[in-house]
Amino acid sequence: MSGSRITAVGHYQPARVLTNEELAGMVDTSDAWITSRVGIRTRHIAGPDEPVDELAAHAAAKALAAAGRTPDEIDLVLVATSTAIDRSPNMAARVAARLGMPGPAVMDINVVCAGFTHALATAAHAVRAGGARRVLVIGADKMSEVTDWTDRTTCVLVGDGAGAAVVEATEEGAVGAGAGIGPVLWGSVPEMRNAVRIEGTPPRFAQEGQSVYRWATTRLPEFARQACEKAGLTPEDLAAVVLHQANLRIVEPLARRIGAVNAVVARDVVDSGNTSAASIPLAFSKLVEQGAVSAGDPVLLFGFGGNLSYAGQVVRCP
């Protein structure tokens, strides 16, 4: 078995920015109401001619360029998404076609907001087992397409975007020993599976906000600490914490309760809204791009949300 590491990341957001002031002209809300309750100021919204696979391919191309890799060097493409309207071809196959890949394995992973960290764990497992040498892992969602824009409890939250990571084999399997991807801590709460939903015809996003808030802020800190323990680290060792960007009222108290007192906390939700599976790689890529973290720094990635599923791991910054 070999280990695995993230060699590069990349992200992409549509050009259109939707402000709170614009939303106030669409539904009964205001900038003050939105910022006080969820902390979001703007979000990026894709147009009708910008499908999920296009967002994903843009982010993937940036990650590949940053890694110095060409599309034909990728063995496996994993796309985490819950907003793929068509069943087949899947998003991974569409991305591979857009990038001109000759024949990678292609799989979609639908764990909603925890999708990227599930996909990253799957990539790490595939590399460790010898099933792939280089994997393209993407989180991409077009939440605007599954949102009721007359419902102020949900439409103020969402945004569109994509983030990607290139995962490659390495002989340094342990995160504590060098650049790598630590063991995953994952699970779900089946009895609360209806707390976050995208269902119906046409599909629509809905959630039980208070239930999600209580569960995330009380149960997740211990899970996050367990993910650090699996990596042989403590929360105090972390250079950054990148949680699913659900809303700022969840991100900030959750980060405090984890105990990562020395860590930069990603707050991309303020500018991007809740982009579901895209939120973690999008926020992580921005931290790397901004120089807020350095190569080799330990970073906790932790996703949670739909199905009340969760997954987290400590990675070393590329």
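Everything that follows concerns the structure shown earlier in this document.
Notes on the structure follow. (Residues numbered from 1 in each chain as written. Predicted model: local features only at pLDDT ≥ 70, side-chain atom pairs only at ≥ 80, totals over all residues. Heavy atoms only, no water.)

**Considerations on the sheet that holds strand 13 (residues 298-304)**
Two strands in a sheet stick together by hydrogen bonds in their backbones, pointing the same way (parallel) or opposite ways (antiparallel).
Then, number 1: One open sheet holds the five strands; their spatial order is 8-14-13-11-12, and the pairing between them is mixed. Looking along the sheet, the strands with just one partner apiece sit at the ends: strand 8 (185-188) and strand 12 (264-265).
Then, number 2: Across four bridges, strand 8 lies against strand 14 (residues 309-316) in antiparallel orientation. Across the sheet, residue Ser188 finds its bridge partner in strand 14, namely Ser309. (Pairing = 2+ DSSP bridges. Helix = DSSP H or I, 4+ residues; strand = E, 2+ residues; numbered from the N terminus.)

**A closer look at the environment of Val196**
Then, number 1: Following the sequence through the fold, Val196 ends up in strand 9 (residues 196-199).
Then, number 2: On the basis of relative accessibility, which here comes to 11%, the residue Val196 falls in the buried class.
Then, number 3: Once the C-alpha coordinates of Val196 and Ala60 are considered, the two residues, 136 residues apart in sequence, prove to be 27 Å apart.
Then, number 4: Apart from residues lying up to four places away in sequence, Val196 is in contact with Phe205, Ala206, Gln207, Val212, Gly305, Gly306 and Asn307. (Buried < 20%, exposed > 50% of the residue type's maximum accessible area, 1.4 Å probe, protein only. Contact = heavy atoms within 4.5 Å.)

**Considering the pairing of strand 7 (residues 160-170)**
Then, number 1: Counting buried positions along strand 7 gives 11 out of 11 residues, so the element sits mostly inside the fold.
Then, number 2: The side-chain alternation of strand 7 yields two buried faces, one formed by Asp160, Ala162, Ala164, Val166, Glu168 and Thr170 and the other by Gly161, Gly163, Ala165, Val167 and Ala169.
Then, number 3: Pairing of strand 1 (residues 3-12) with strand 7, which is carried by nine bridges, proceeds in the antiparallel orientation. In the strand pairing of strand 7, Ser4 is matched with Ala169.
Then, number 4: Both strand 6 (residues 134-142) and strand 7 contribute to a ladder of nine bridges, which runs antiparallel. From the neighbouring strand, Arg134 faces strand 7, where its bridge partner is Glu168.

**Here's the deal with helix 5 (residues 115-128)**
Every α-helix winds through 3.6 residues per turn, so residues three or four apart in the chain are directed the same way.
Then, number 1: Look at helix 5: 20 Å from first C-alpha to last across 14 residues, which is about the 20 Å you get at 1.5 Å a residue.
Then, number 2: Of all 14 residues in helix 5, 11 are buried; the element is thus mostly enclosed.
Then, number 3: Those residues of helix 5 lying buried are Gly115, Phe116, Thr117, His118, Ala119, Leu120, Ala121, Ala123, Ala124, Ala126 and Val127.
Then, number 4: Backbone geometry just after helix 5 places Gly130 at a positive phi near 85 degrees. (Expected span 1.5 Å × (residues − 1).)

**A short note on the nonpolar core**
Then, number 1: With 49 residues, the main nonpolar core has Leu220, Leu243, Leu300, Phe302 and Phe304 as its most contacted residues.
Then, number 2: At the level of elements, helix 7 (209-230), strand 11 (240-243), helix 8 (248-258), helix 9 (269-272), strand 13 and strand 14 are the ones that each hand at least two residues to this core.
Then, number 3: Per-element tally for this core: the top contributor is helix 7, with eight residues.
Then, number 4: In this structure, Ala126, Ala240, Phe284 and Val299 belong to the second largest nonpolar core, which totals 35 residues. (Core = buried A, V, L, I, M, F, W, Y, C linked by side-chain atoms within 4.5 Å.)

**Some details on the packing of aromatic side chains**
Then, number 1: Per the stated rule, a full pass over the model turns up three aromatic pairs.
Then, number 2: Where Trp215 meets Tyr310, the ring centres are 6.2 Å apart and the plane angle is 45 degrees; that geometry is what we call tilted. Taken together, the residues span a long stretch of sequence, with Trp215 in helix 7 and Tyr310 in strand 14 at a distance of 95 residues. Pair check on accessibility: Trp215 and Tyr310 agree, each one buried.
Then, number 3: A centroid spacing of 6.4 Å and a plane angle of 10 degrees characterise the contact between Phe302 and Tyr310, whose relative ring orientation is stacked.
Then, number 4: A relative accessible area of 1% places Phe302 in the buried class.
Then, number 5: The exposure class of Tyr310 is buried, given its relative accessible area of 10%.
Then, number 6: Taken together, the ring pairs connect Trp215, Phe223, Phe302 and Tyr310 into an aromatic cluster.
Then, number 7: A cation over a ring is seen here: Arg152 above Trp33, with NZ or CZ 4.3 Å from the ring centre.
Then, number 8: The cationic tip of Arg249 hangs over the ring face of Tyr213; the distance from NZ or CZ to the ring centre is 5.0 Å. (Phe/Tyr/Trp six-rings, centres within 6.5 Å; stacked < 30°, edge-to-face > 60°. Lys NZ or Arg CZ within 6 Å of the ring centre and 35° of its normal.)

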